[in-house]
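Remarks on the overall topology
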Amino acid sequence: MKADLLIAGGTVIDGTGTPPRAADVAVTGDRIAVVDPLPAGVEAATVLDATDRVVTPGFIDVHLHTDTAALAPDTETNSGLPSLRQGVTSEICGNCGFSPFPVSDTVADTLGDVLTAAMGEGARFFADVPAYRAALEERPLGPNYAPLAGHGALRMTAVGFDDRVATTDEIAEMCDALDAALAEGCFGMSTGLIYPPSMFAPTEEIVALAHVLARHGRLYTTHMRDEANRVDEAIDEALEIGRESGVPVQISHHKVVGRPNWGHSTATLERIDSARAGGLDVALDVYPYTASSTGLLALFPRWLLDGGLASVSRLTENETRDAVRAESRTAGPGARSALVDAPDTVVISAAAHHPDLEGHSLTEIAGDNGDPLDTACDLLVEDPGVQVIVHQMNEEDVTRILAHPLAVVGSDGGLGGGKPHPRRAGAFTRVLGRYVRDREALDLVEAVRKMTGAPAERFGLADRGVIATGRRADLVVFDPDTVRDGATYDDPLAPRAECPTSSSTAAS
Ligand SMILES: [Zn+2]
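Remember, it's a predicted structure, so these values are computed and weren't measured experimentally. (Residues numbered from 1 in each chain as written. Predicted model: local features only at pLDDT ≥ 70, side-chain atom pairs only at ≥ 80, totals over all residues. Heavy atoms only, no water.)

**Quick notes on the overall build of the chain**
Scanning the chain from terminus to terminus reveals 17 helices and 18 strands. Projected onto its principal axes, the C-alpha coordinates of the chain cover approximately 80 × 60 × 45 Å. For the chain, the residues scored as buried account for 56% of the 508 residues in total. Long-range pairs, those at least 24 residues apart, make up 78% of the contacts in the chain between residues at least 6 apart in sequence. Surface summary for the chain: the accessible area is close to 19,700 Å², and the carbon and sulfur share equals 49%. A gap of 4 Å separates the mean positions of the 41 positive and 75 negative side-chain charges of the chain. (Helix = DSSP H or I, 4+ residues; strand = E, 2+ residues; numbered from the N terminus. Buried < 20%, exposed > 50% of the residue type's maximum accessible area, 1.4 Å probe, protein only. Contact = heavy atoms within 4.5 Å. Areas by Shrake-Rupley, 256 points an atom, 1.4 Å probe, with all protein chains shown as cover. Lys, Arg positive; Asp, Glu negative; His and termini not counted. Charge placed at Lys NZ, Arg CZ, Asp CG, Glu CD.)

As structure tokens, then:
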């Protein structure tokens, strides 16, 4: 036979969790033609020597905010390179309630600034999945895209940006729009229950939409209402939505935030395990870092976001600041209270008007005589799109969640400039280097399953995620002894670090 590519002499880890084996992989077109034993006389246009290397399926990143990367200015972050350089060949977008469709033209005109703040420069909005797909196809694409419909997009179009319960007609409109998006090839629906307008929905509204998902055999992913001191209640809400509708539930970027909550992942994982044991189809994903990242606005109280970004100008009033201060004090430990109780953990990652502040904490920026909460308010009034990195997690929790059998890997990487979270460029190589090799928190076969076969099955990517004859030839070859992440908080897009050899380590 004649193949286009032969990857020869490597160790294949096929993505299913079965043990590694020495095998050659032949590729014809975009499909895996055959996996060892190869028939005699295979000829290939290109032969790649994979001796001492591992060959795996291309990694599937289940949680990104890169939906409009291909439409945005042509920068390195937007190019797809940060994904491809760490082995990611498929991206699941439309997370945390944000997707660029289905958004009506009227809404795109009036509330476009909200999604631009959420999704970055160049974000555009589309009436439906075919229009989105057509726009993407005009541009060179790096990785494959599998989009989810964002509940925020559905609700903006049907209800607007107000903090109120949707009417029966509005819920029916959202269900119809979701039904259409799923019929057009969408992979599920996400909520972002700390972000407006998704956060304004009561549980019953999400249950109604989850019934539509269940009918299509698609899943529900959720950035839950709380990831700190009320994380148990938030998990219960996600489980209830699964029970009421029969939809598979995916808890996005599971974490426990806030020093007093450290260690609580033992309890959250038990909660998830026991629901699963009771027959509920629930799983989770995680990124391998102890810092989160979001908009600075997400640390502010819900009432400030009622009506859209225009309300943010109220932060110029002392009265409003005092109310924010009071509510942050009673918010309990976690990101929302960080404005008053741990401003040193909140670091500006992108501030278009003040690039000099990027990499500095609210405490540092406020200085000795300033107040960090005032600093945060001043920044937001000027630019509601300011992004932050919040250092409020514990290494043991991250490790425990990552090693859990139901967890798959999602970077939560986004677009935008400044000093973004290094997860965009380093999440997958960090799992392989830091957590598999250096800390032995999970073994390589299991880590590869969490990045390939498991997410493909979970999100319904039928022909990807496993090395087998006939599957798509998304493949990664790497050296398990040296693979590691290079991206750091100081240099967030660095692809990989030079890995010292054992002799130079000994000499240093
Ligand atoms: Zn999120």
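**Points about the coordination of the zinc ion**
Those donors, Cys-96 (SG), His-223 (ND1) and His-253 (NE2), are the protein atoms that reach the zinc ion, and they lie 2.1 to 2.2 Å from it. Ordering the donors of the zinc ion by residue number gives the pattern C-x126-H-x29-H. On the criterion of sequence distance, the pair formed by Cys-96 in the loop between β7 (88-93) and α2 (105-119) and His-223 in strand β11 (residues 219-223) is long-range, its members being 127 residues apart. Considered together, Cys-96 and His-223 belong to a single accessibility category, that of buried residues. (Donors = N, O, S within 2.8 Å, 3.2 Å for Na, K, Ca; no water.)

**Some details on the pairing of strand β5 (residues 54-57)**
Strand residues, when the strand is regular, have side chains that alternate between the two faces of the sheet. Summarising the sheet, strand β1 (residues 2-12) and β5 pair through two bridges and their orientation is parallel. Pairing of Thr-11 across the sheet is with Val-54, part of β5. (Pairing = 2+ DSSP bridges.)

**Some thoughts on the layout of surface pockets**
Looking at the second largest pocket, its volume works out to about 390 Å³. Among the elements of the structure, α3 (129-137) and β8 (144-147) are those that each provide at least two residues to the lining of the second largest pocket. Here the element with the most residues in the lining of the second largest pocket is α3; it accounts for five residues. The residue inventory of the lining of the second largest pocket, partitioned by class, reads ten nonpolar, four polar and four charged. (1 Å grid on protein atoms, 1.4 Å probe; cavity = no way out; pocket = protein on both sides within 12 Å on 5 of 7 lines; lining within 4 Å. Points joined across faces, edges and corners; volume = space filled by probe spheres on them. Nonpolar A, V, L, I, M, F, W, Y, C, P; charged D, E, K, R; others polar.)

**Remarks on the domain arrangement of the chain**
Split into domains, the chain comes out as domain 1 (2-57 + 471-496), domain 2 (59-290 + 393-459) and domain 3 (301-386). In this structure, domain 1 and domain 3 have C-alpha centres spaced 46 Å apart. (Domains from an automatic or database assignment.)

**Observations regarding helix α5 (residues 168-183)**
Because an α-helix completes one turn every 3.6 residues, residues spaced three or four positions apart along the sequence face the same direction. When the terminal C-alpha atoms of α5 are compared, their 22 Å separation across 16 residues agrees well with the 22 Å that a helix rising 1.5 Å per residue should span. Listing the buried residues of α5 in full gives Glu-170, Met-174, Cys-175, Leu-178, Ala-181 and Leu-182. For α5, the arc enclosing every buried residue in end-on projection is 140°, short of the 170-degree limit, so these residues lie on one face. The exposed set on the far side of α5, more than 90 degrees from its buried face, consists of Thr-168, Asp-169, Asp-176 and Ala-183. One or two positions beyond α5, positive phi appears at Gly-185, with a value near 110°. (Expected span 1.5 Å × (residues − 1). Arc of directions from axis to C-beta.)

**Looking at the environment of Ala-181**
Structurally, Ala-181 can be placed in helix α5. With a relative accessible area of 2%, Ala-181 lands in the buried category. A sequence separation of 53 residues divides Ala-181 from Asp-128, and the C-alpha atoms of the two residues are 6.7 Å apart. Sequence-distant contacts of Ala-181, defined by excluding residues within four places in its chain, comprise Phe-101, Val-129, Ala-149 and Cys-186.

**A few points about the sheet that holds β11**
Sheet architecture is open: six strands sit in the order β9-β10-β11-β12-β13-β17, paired in parallel fashion. This sheet does not close on itself; its edge strands, each paired only once, are β9 (149-150) and β17 (407-409). Bridging between β11 and strand β12 (residues 249-251) involves three bridges; their strand directions are parallel. Bridge pairing links Tyr-220 to Val-249 in β12.

**Describing α3**
Every buried residue of α3 is accounted for by Val-129, Tyr-132, Ala-135 and Leu-136. For α3, the angular spread of buried residues about the axis comes to 130°, placing them on one side. Buried residues along α3 sit against β8 and α5. Measuring from the side-chain oxygen of the N-cap residue of α3 to the backbone nitrogen of Ala-131 gives 3.0 Å; that N-cap residue is Asp-128. (Polar contact = N/O pair within 3.5 Å; in protein donor to acceptor, adjacent residues only side chain to side chain.)

**Some details on empty space enclosed by the protein**
All chains considered together, the criterion is met by two cavities of 30 Å³ or more. A volume near 60 Å³ is recorded for the largest cavity. Together, His-253, His-254, Lys-255, Val-256, Val-286, Tyr-287, Tyr-289, Met-393, Asp-397, Val-398 and Ile-401 line the largest cavity. Among the elements that make up the lining of the largest cavity, the one with the highest residue count is helix α13 (residues 395-403) (three residues). Within the lining of the largest cavity, the residues separate by chemical class into seven nonpolar, two polar and two charged. Each pocket or cavity is described by its volume, and for the second largest cavity that value is around 30 Å³. Taken together, Gly-58, Ile-60, Thr-89, Ser-90, Arg-464, Gly-465, Arg-472 and Asp-474 make up the full set of residues lining the second largest cavity. For the lining of the second largest cavity, the class distribution of residues is one nonpolar, four polar and three charged.

**Structural notes on the state of the cysteines**
All told, the structure shown has zero disulfides when counted by the stated rule. Of all cysteine sulfurs in the structure, the one in Cys-186 sits closest to Cys-175, which takes part in no disulfide; the separation is 14 Å. Cys-186 takes part in no disulfide bond, and the closest cysteine sulfur, belonging to Cys-93, lies 11 Å away. In this structure Cys-186 comes out as buried when scored by relative accessible area, which is 0%. (Disulfide = S-S within 2.5 Å.)

**As for the packing of helix α9 (residues 318-329) against helix α12 (residues 372-382)**
In the contact formed by α9 and α12, the axes pass within 11 Å of each other and the chain directions differ by 125°. One way to sum up the angle between α9 and α12 is to call them oblique. As for the relative orientation of α9 and α12, their crossing is right-handed in sense. Residues Arg-321, Val-324, Arg-325 and Ser-328 of α9 pack against Leu-373, Asp-374, Cys-377 and Asp-378 of α12. (Axes fitted to C-alpha atoms, helices over the stretch in contact; angles between N-to-C directions. Parallel < 35°, antiparallel > 145°, perpendicular 65-115°, else oblique. Left-handed = near helix turned anticlockwise from the far one by under 90°.)

**Here we look at the sheet that holds β7**
Strand order in the open sheet made by the three strands is β6-β7-β8, with parallel pairing throughout. In this open sheet, the two edge strands, each paired with only one partner strand, are β6 (59-61) and β8. For this sheet the average axis-to-axis angle between neighbouring strands, irrespective of direction, equals 20°. Examined bridge by bridge, β7 and β8 share four bridges and lie parallel to one another. Among the inter-strand pairings, Ser-90 is bridged to a residue of β8, identified as Asn-144.

**Some details on the confidence of the model for the chain**
Parts of the prediction with low pLDDT should not have their coordinates interpreted in detail. On average, the chain scores 91 in pLDDT, and the residues at 70 or more come to 95%. Residue range residues 499-508 is modelled with pLDDT below 50. Its contacts to residues more than four positions away, or to other chains, number four contacts. (pLDDT = per-residue confidence, 0-100.)

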